[in-house]
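# Chains, contacts and geometry: an overview
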Amino acid sequence: MKADLIINASIIACCTGGEGAGIIENGYVAVKDGKIIALGEGNAPGDMEGYGTRIIDAAGKTVTPGLIDSHTHLIHGGSREKELPLKLKGVPYLEILKMGGGILSTVRNTRKASKEELKAKAEKSLDEMLLHGTTTVEAKSGYGLDFDNEIKCLEAALELNASHPIDIVSTYMGAHAVPEEFKGNTQGYIGFMCEKVMPYVKKNNLAEFMDVFCEEGVFSPEESRIIMQKGKEQGFKLKIHADEIIPLEGAELAGSMGAVSAEHLLAASDAGIAAMAEAGVTAVLLPGTSFYLMTGKYAEAGKMMKKGVRVAIATDYNPGTCPTENLQSIMTFACFGMKMTPEEIIKAMTINAAYAVDRASEIGSLEVGKKADIVIFDAPNLEYIVYHFGINHVNTVIKGGKTVVENGKIVKGQ
Ligand code: IZC
Ligand code: ZN
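No experiment lies behind these values; they were computed from the predicted model shown. Here the residue numbers are simple positions, counted from 1 along each chain's written sequence. For naming, the first written chain is A and the first written ligand is 1, with later ones following in the order written. Per-residue local features are limited, in this predicted model, to residues with pLDDT of at least 70; the limit for side-chain atom pairs, both in listing and counting, is 80 or more; totals at the level of whole chains, interfaces and linings are taken over all residues. To get the side-chain values, all heavy atoms of the structure are used, and hydrogens and water are removed first.

## As for the overall build of the protein
Keep this limit in mind: Numbering of helices and strands runs from the N terminus; a helix is a DSSP stretch of H or I covering at least four residues, while a strand is a stretch of E covering at least two. The atom set for the radius of gyration is the C-alpha atoms, and the globule formula is 2.2 Å times the number of residues raised to the power 0.38. Three exposure classes are used, based on accessible area relative to the maximum for each residue type with a 1.4 Å probe and protein chains only: buried under 20%, partly exposed in between, and exposed over 50%. Any two residues having at least one pair of non-hydrogen atoms within 4.5 Å are treated as being in contact. Here the Shrake-Rupley method, with its probe set to 1.4 Å, supplies the accessible areas, and only the displayed protein chains count as covering residues. Just so you know, the count uses Lys and Arg for positive and Asp and Glu for negative, and it drops His and the chain ends. Charge coordinates come from a single atom per side chain, which is NZ of Lys, CZ of Arg, CG of Asp or CD of Glu.
In terms of regular secondary structure, the protein is built from 16 helices and 17 strands. Computed over its C-alpha atoms, the radius of gyration of the protein comes to 21 Å, within 12% of the 22 Å expected for a compact globule of 414 residues. In terms of principal-axis extent, the alpha carbons of the protein reach across some 70 × 45 × 45 Å. Looking at the protein as a whole, 58% of its 414 residues are labelled buried. For the protein, restricting intrachain contacts to residue pairs at least 6 apart in sequence, the fraction spanning at least 24 positions comes to 70%. By element, 52% of the accessible surface of the protein is carried by carbon and sulfur atoms, the whole surface being about 16100 Å². Side-chain charges of the protein comprise 42 positive and 53 negative groups, with the mean position of each set lying 3 Å from the other.

In structure tokens:
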């Protein structure tokens, strides 16, 4: 088999663990049978260059692993721009939810939508993600909440995983809010999730992860622990929305439950950060949400990294608190809001994000043997992508060895 080659790349950020982003200057990457077979500085070995079926000249460009968006609420109906005036008046997010808006308004719209309608909307989002360099995305349910509608959303994600070039990692998040039909009966809703929905989701392989919104007025730490315990017993890997707004020792809970990741963490305590480091829980930080909540508060990424916590960054793409599919914008928020360096940021969206979705042995870095998920940015270095914000720098996206975006356009018919 002949190799495909990327040559003359100004910068290759390999994102192979350790310090820094594993930068190679002026290098090449060779791909065969959907995998990376060689990479390095200078020219590709002559035999490969000679036999390449396809050569991409990346002069002046930056090559990274495919971006991994490790936290999204991809499948949902409707939008929430009508909440903007409330937000501008300073009405807090949790107040809007208490009034029956927020998540619950999206639940009403998601229930109304057919599976085909949800898929069509999510497919547009996946196309945007791909165009912006995302090759793997985690997708949570949690806007159906009742049995039929949660299953509808999880099936939509599964079907899109099969039809779209982006790989989708599915998470069951029935514990996103207590639905109106269970208002005042959180215990009843927990029982329903654990006994009716989870076993079906598991049996039909509709989700690999489970997630809980541990927050004041949503699920308490005690309730979250019970839900996570039941999920774990049924074979789900765990995630938790922890310490986003009110400090509730969610990070501690993530550590003690052995969660794969804990999300948000703006209000995480020092003890919680230590517990996460100890248990190897990946922190998934969402600076676009900080920006969008208008509180001026960001997670303490520097402190977490210093304490040995692996930090990933994601969009949190959802219709309420971060309606964007664009991880490049999130890079800028991570830099300006959390003072992360471009090298820390690219690792947070590749190898560390791969850990957050438990795929680190297959994707997340440019290494021989890993899947050829590769992005070529029309930017001379990583810093430039973060600095020149609000536009799309992606030129080429390669997914599993296939070119799926070329010159900034999706390649159809593959
Ligand atoms: O729809 O508001 N935080 N869940 C937890 C969200 C934000 C999504 C939403
Ligand atoms: Zn979320």
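## Points about the packing of aromatic side chains
We apply this condition: Each Phe, Tyr or Trp ring, with Trp reduced to its six-membered ring, pairs with another whose centre is within 6.5 Å; inter-plane angles below 30 degrees give stacked pairs, above 60 give edge-to-face pairs, and intermediate values give tilted ones. For a ring to carry a charge above it, either NZ of a lysine or CZ of an arginine must fall within 6 Å of the ring centroid while also lying within 35 degrees of the normal to the ring plane.
Evaluation of the coordinates by the stated rule reveals seven aromatic pairs. Their ring planes at 55° and their centres at 5.3 Å tell us that phenylalanine 182 and tyrosine 189 sit as a pair that is tilted. The exposure class of tyrosine 189 is buried, given its relative accessible area of 0%. Aromatic rings pair up to connect Phe182, Tyr189, Phe192 and Phe219 into one cluster. The ring of phenylalanine 236 has lysine 202 lying over it, and the distance from NZ or CZ to the ring centre is 5.2 Å.

## With respect to the coordination of the zinc ion (ligand 2)
Ideal values differ by geometry: the angle at a metal is 109.5 degrees with four tetrahedral donors, but 90 or 180 degrees with six octahedral donors. Selection criterion: Because water is not among the atoms used, a metal site may look incomplete, as its donors are only the N, O and S atoms within 2.8 Å, or 3.2 Å for Na, K and Ca. Between 85 and 135 degrees for all angles marks four donors as tetrahedral; over 155 degrees for opposite donors together with 65 to 115 for all other angles marks four donors as square planar and six as octahedral; every other arrangement is irregular.
Surrounding the zinc ion (ligand 2) are the protein donor atoms His71 (NE2), His73 (NE2), His241 (NE2) and Asp316 (OD), which sit 2.0 to 2.8 Å from the metal. In this structure, the zinc ion (ligand 2) is coordinated by four donor atoms arranged in irregular fashion, with angles at the metal of 74 to 162°. Donor residues for the zinc ion (ligand 2), ordered by position in the chain, follow H-x1-H-x167-H-x74-D. Residue histidine 241 is found in strand β10 (residues 237-242), and its partner aspartate 316 is found in the loop between β13 (311-313) and α13 (327-338); the two are separated by 75 residues along the sequence. You'll find histidine 241 and aspartate 316 in the same group, each marked buried.

## With respect to the site of ligand 1
Rule in force here: Only a single heavy atom is needed: when it lies within 4 Å of a molecule or strand, its residue is near that molecule or strand. Distance and chemistry together define a polar contact, namely a pair of N or O atoms within 3.5 Å, with one atom able to donate a hydrogen and the other to accept it when in protein, and with adjacent residues in sequence counting only for side-chain atoms on both sides. The residue classification treats Ala, Val, Leu, Ile, Met, Phe, Trp, Tyr, Cys and Pro as nonpolar and Asp, Glu, Lys and Arg as charged. All others, Gly included, are polar.
Around ligand 1 sit His73, Arg80, Tyr93, Ile103, Tyr143, His176, Phe213, His241, Glu244, Asn318 and Thr321, and that is every residue in its neighbourhood. In the model, an oxygen atom of ligand 1 is placed 2.5 Å from a nitrogen or oxygen of the tyrosine 93 side chain. Here tyrosine 143 contributes a side-chain N or O atom positioned 2.6 Å from an oxygen atom of ligand 1. Relative to its unbound accessible area of 260 Å², ligand 1 is 100% covered by the protein chains. Here the shell around ligand 1 is built from residues that sort into four nonpolar, five polar and two charged.

## Re the pattern of salt bridges
Rules: Note on definitions: salt bridges are taken to be side-chain nitrogens of Lys or Arg within 4 Å of carboxyl oxygens of Asp or Glu.
Here the structure, examined in full by the defined rule, presents 20 salt bridges. Note that lysine 98 and glutamate 95 form a salt bridge whose closest N and O atoms lie 3.6 Å from each other. Placement of both lysine 98 and glutamate 95 in helix α3 (residues 93-98) is noted, with a separation of three residues, approximately one turn of the helix. On the accessibility criterion, lysine 98 (64% relative accessible area) is exposed. Residue class for glutamate 95 comes out partly exposed when judged on its relative accessible area of 34%. Glutamate 181 is the partner of arginine 111 in a salt bridge, and the nearest nitrogen-oxygen pair spans 2.8 Å. Of the two residues, arginine 111 is situated in helix α4 (residues 103-112) and glutamate 181 in the loop between β8 (167-175) and α7 (186-203); the sequence distance between them amounts to 70 residues. Owing to a relative accessible area of 26%, arginine 111 belongs among the partly exposed residues under this scheme.

## Quick look at the sheet that holds strand β12 (residues 282-285)
Stated precisely, the cut-off is as follows: Should DSSP find at least two bridges between two strands, the strands are taken to pair. Axis lines are fitted to C-alpha atoms, over the contacting stretch for helices. Their N-to-C directions set the angle, which ranges from 0 to 180 degrees.
Pairing is parallel across the open sheet formed by eight strands, whose spatial order is β6-β7-β8-β9-β10-β11-β12-β13. Edge positions in the open sheet fall to β6 (67-69) and β13, since each of these has one partner strand only. Averaged over all adjacent pairs, the angle separating strand axes in this sheet is 25°, with direction ignored. Note: β8 against strand β9 (residues 209-213), three bridges, orientation parallel. Paired with threonine 171 across the strands is phenylalanine 209, a residue of β9.

## Some details on the nonpolar core
Here is the rule we go by: Throughout, nonpolar core names a set of buried Ala, Val, Leu, Ile, Met, Phe, Trp, Tyr and Cys residues whose side chains join them through atoms within 4.5 Å. An automatic or database domain assignment is the source of the domain bounds shown.
Formed by 119 residues in total, the largest nonpolar core has its most connected members in Phe219 and Leu265. At eight residues, the largest contribution of residues to this core is made by α7. Two domains share this core, each providing at least three of its residues, namely domain 1 (5-66 + 364-410) and domain 2 (67-356). Counting 16 residues, the second-largest nonpolar core is a separate cluster that includes Ile24, Ile56, Ala58 and Ile398.

## Details of the pairing of strand β16 (residues 402-406)
Where strand β15 (residues 394-399) lies against β16, three bridges are found, and the strand directions are antiparallel. For isoleucine 398, the partnering residue across the bridge sits in β16 and is threonine 403. Counting the residues that bridge the hairpin from β15 to β16 gives two residues, and of these glycine 400 lies at a positive phi of roughly 55°. Pairing between β16 and strand β17 (residues 409-410): two bridges, direction antiparallel. If you follow glutamate 406 over to β17, its bridge partner there is lysine 409. Linking β16 to β17, which pair antiparallel, is a turn of two residues; within it asparagine 407 sits at a positive phi near 50°.

## A few points about helix α10 (residues 270-279)
The cut-off we apply is this: Think of it as the arc spanned by the lines of direction from the helix axis to the C-beta atoms.
For α10, the full list of buried residues reads Gly272, Ile273 and Met276. The buried residues of α10 all sit within an arc of 100° when viewed along its axis, so they share a single face. Turned more than 90 degrees away from the buried face of α10, the exposed residues are Asp270, Ala271 and Glu278. Contact partners of the buried residues in α10: α9 (250-257), β11 (261-264), β12 and α12 (301-306). Just downstream of α10 lies glycine 280, where phi reads positive at about 70°.

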